[in-house]
Amino acid sequence: MTGNENKDVSEEAYQIVVNRENSQQAQELYRNLQQPGIRVVRFIPHIEFDKHGHLTAESVTAEGWRRFLNAVFAIWVREDVNRISIQLFDKILTQWCGRADAVNLQDISPVGADCPGCSVLRFCAGECLKHRDSSGKSVLCAGYKAFISDSSPYMRVMRDLIKQHRSPMELMAMLRQR
């Protein structure tokens, strides 16, 4: 949706694993992805637990994930809407738009006790099972919640543009005028 609408469906996404170290260099990492030919990017959080159930030193934390996503989004929303498709951003915007291809809440994996009443469940779908701690809650939950909250004003504008049959790219021009 936010990526190139006419892209070849066989086009592969660049998959970038985000760990504790590179999560602190989000702007540099994303700037390197802005080269010609890169059209689709999927960020994969590195989450690994030690034998005691604690995150390893290499794992990205919830706060690191939030900072990383916010830093990438700040550049993307001003420069790359419809040029580079960030799969997570596309998924969230799809949810904002209420599209039929959005996550069906009945298809979500079993979630932690806090998830059913959560306001962002429709965006994260309970997150990846591998990222859940012993209580069943995603270790990235706070990061996702913060990012979804932080990006929501921009997502609402893009949603409204799409509903008016306009391009979400118009948001970039609006932001340049500020």
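Residues numbered from 1 in each chain as written. Predicted model: local features only at pLDDT ≥ 70, side-chain atom pairs only at ≥ 80, totals over all residues. Heavy atoms only, no water.

Draft legend 1. Molecular detail of the nonpolar core. By size, the foremost hydrophobic cluster in this structure holds 41 residues, and its most contacted members are Tyr30, Phe43, Trp65, Phe68, Trp76 and Phe89. Those elements that provide at least two residues to this core are β1 (14-18), α1 (26-33), β2 (40-45), α2 (62-79), α3 (87-97), α5 (141-163) and α6 (170-176). Examining the composition of this core, we find that 9 residues originate from one element, α2, more than from any other. If sequence neighbours within four positions are ignored, phenylalanine 89 has contacts with Leu69, Val72, Phe73, Trp76, Phe147 and Met155. (Core = buried A, V, L, I, M, F, W, Y, C linked by side-chain atoms within 4.5 Å. Buried < 20%, exposed > 50% of the residue type's maximum accessible area, 1.4 Å probe, protein only. Helix = DSSP H or I, 4+ residues; strand = E, 2+ residues; numbered from the N terminus. Contact = heavy atoms within 4.5 Å.)

Draft legend 2. Region of interest: α3. With 9 of 11 residues buried, α3 lies mostly within the body of the structure. All buried positions along α3 are accounted for by Leu88, Phe89, Asp90, Ile92, Leu93, Thr94, Gln95, Trp96 and Cys97. Phi for glycine 98, located one or two positions after α3, is positive at around 65°.

Draft legend 3. The sheet that holds β2, seen in detail. Pairing in this open sheet of 3 strands is parallel, and the strands run β1-β2-β3 from one edge to the other. Both edges of this open sheet fall to β1 and β3 (85-86), since each of them pairs with a single strand only. Examined bridge by bridge, β1 and β2 share 5 bridges and lie parallel to one another. The residue bridging valine 18 from the neighbouring strand is proline 45, located in β2. In this fold α2 packs onto β1, β2 and β3, with an angle of close to 165° to the strand it touches most, β2. (Pairing = 2+ DSSP bridges. Axes fitted to C-alpha atoms, helices over the stretch in contact; angles between N-to-C directions.)

Draft legend 4. Highlighting the pairing of β2. This β-α-β element, β1 to α1 to β2, shows right-handed connectivity. Here 2 bridges tie β2 to β3, and the two strands are oriented parallel to one another. Its bridge partner being in β3, valine 40 is matched across the sheet by serine 85. (Right-handed = clockwise from strand over helix to strand, strands pointing away.)

Draft legend 5. A look at the side chain of serine 151. Note on placement: serine 151 falls in helix α5. For serine 151, a relative accessible area of 1% corresponds to the buried category. Side-chain polar atoms of serine 151 contact the backbone oxygen of isoleucine 148, separated by 3.4 Å. (Polar contact = N/O pair within 3.5 Å; in protein donor to acceptor, adjacent residues only side chain to side chain.)

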